[in-house]
Amino acid sequence: MQVIIFDDAQQVADSAAKWVAELINKKAKPVLGLATGSTPISLYQALVKKYQTEEISFKDTCTFNLDEYLGIDENNVQSYRHFMNTNLFDHVDIDKSKTFLPTCAQGENPRAQGLAYEQMIKEAGGIDLQILGIGANGHIGFNEPTSSLASRTRIKTLTQQTLTDNSRLFSADEFQPTLAMTMGIATILDARYVLLMATGENKAKAVKDMVTGAVSAMCPASALQMHENAIVLLDKAAASQLE
Ligand code: F6R
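In this report, we go over the structure that sits alongside the text. None of these values were measured; they are calculated from a predicted model.

1. A few points about the site of the ligand
Residues in close proximity to the ligand total 14 residues, the closest being Thr36, Gly37, Ser38, Thr39 and Gly133. Per-class residue counts for the shell around the ligand are five nonpolar, eight polar and one charged.

If you want it as structure tokens, here you go:
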């Protein structure tokens, strides 16, 4: 695991954008794994800028998101599809038919949907670079603590901590989903490179457990210690508990 500490969150985003741009410019058919949440927003802004200045084009890029809520459809403003459209896809030349999120609509078989998502990733050639954030409880994707390190795409129930952490994004009268379809930890570990971004003091404990703790299902991000090409980009606040 390679840990790089920057002065601030903007430098984390700029560095992540460089990794993504390098991949996109190097590979004929890049396959990107994407994350939602507050952390990667500035990465997506940096990528949109690079597109506008013609440093990169997304026309041959295929993307797979880590996760999607259950119980709301893709037109809902809280859906991760909506998040990806408004933060990235609507502003670049990506072919949206090559952008995927793991979904399971009412009546669909979760196991079949999970297997189909894994199969689509395989058929695309596997994920070249997976972008990750980290939950304050050490989750990656929605692989909450106690998730099997061998897990694959499936439905997870969100922990109370994650629901509380994310409640800032929902208004009082808005439905906040408690279930999500998420890539598993083993799915994430299959990516050729993983790039985890963490910023802010509230991530410092999870970052410490991920980097210096035991590899354990209690801190799902610690599984990245087993990945040959895991890069962790931190600002000073997120790195503040590392010795
Ligand atoms: C999002 C995701 C989550 C977030 C994590 C951190 O697709 O999979 O694991 O990366 O919850 O979220 P933020 O960046 O909002 O602190």
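Further notes follow.
2. A short note on the sheet that holds strand E9 (residues 193–198)
Working definition: the strands of a sheet are paired by backbone hydrogen bonds and lie parallel or antiparallel to each other. The strand order E1-E10-E9-E6-E2-E3-E5 describes an open sheet built from seven strands, whose pairing is parallel. Unpaired on one side and paired on the other, strand E1 (2–6) and strand E5 (99–100) mark the two borders of the sheet. Here strand E6 (residues 129–132) pairs with E9 via four bridges, running parallel. Of the residues in E9, the one forming a bridge with Gln130 is Val194.

3. Quick notes on the packing of helix H1 (residues 9–26) against helix H2 (residues 41–52)
Packing of H1 against H2 brings their axes to within 8 Å, and their N-to-C directions diverge by 50°. Taken together, the axis directions place H1 and H2 in an arrangement best described as oblique. Crossing geometry of H1 relative to H2 is assigned as right-handed. Counted together, Ala9, Gln10, Ala13, Asp14, Ala16, Ala17, Val20 and Ala21 of H1 and Ser42, Leu43, Ala46, Leu47 and Lys50 of H2 form the full contact between these two elements. Of the residues in the contact of H1 with H2, the class split is nine nonpolar, two polar and two charged.

4. As for the sheet that holds strand E7 (residues 154–157)
Read from one edge to the other, the open sheet built from three strands follows the order E4-E8-E7, with strand pairing classed as antiparallel. Of all strands in the sheet, those with a lone pairing partner are strand E4 (67–69) and E7, marking the two edges. For this sheet the average axis-to-axis angle between neighbouring strands, irrespective of direction, equals 30°. The sheet contact formed by E4 and strand E8 (residues 179–182) spans three bridges and is antiparallel. By the bridge assignment for E8, Glu68 is matched with Met181.

5. Observations regarding the pairing of E9
Counting buried positions along E9 yields five of six residues, so the element is predominantly enclosed. Two strands pair when backbone bridges link them, and E9 and strand E10 (residues 230–235) are joined in this way by five bridges, in the parallel orientation. Looking at the pairing, Met197 lines up with Leu233 of E10. Crossover handedness for the path E9 to helix H7 (residues 204–212) to E10: right-handed.

6. Notes on H2
When the terminal C-alpha atoms of H2 are compared, their 17 Å separation across 12 residues agrees well with the 16 Å that a helix rising 1.5 Å per residue should span. Residues of H2 that are buried: Ser42, Leu43, Tyr44, Ala46, Leu47 and Lys50. For H2, the secondary structure elements touched by its buried residues are H1, helix H3 (80–87), E6 and E9. Of the residues flanking the end of H2, it is Glu54, one or two places downstream, whose phi is positive at about 65°.

Cut-offs used in this document
- Residues numbered from 1 in each chain as written.
- Predicted model: local features only at pLDDT ≥ 70, side-chain atom pairs only at ≥ 80, totals over all residues.
- Near = placed C-beta within 6 Å.
- Nonpolar A, V, L, I, M, F, W, Y, C, P; charged D, E, K, R; others polar.
- Pairing = 2+ DSSP bridges.
- Helix = DSSP H or I, 4+ residues; strand = E, 2+ residues; numbered from the N terminus.
- Axes fitted to C-alpha atoms, helices over the stretch in contact; angles between N-to-C directions.
- Parallel < 35°, antiparallel > 145°, perpendicular 65-115°, else oblique.
- Left-handed = near helix turned anticlockwise from the far one by under 90°.
- Contact = placed C-beta atoms within 7 Å.
- Buried ≥ 20, exposed ≤ 12 C-beta atoms within 10 Å, placed from the backbone.
- Right-handed = clockwise from strand over helix to strand, strands pointing away.
- Expected span 1.5 Å × (residues − 1).

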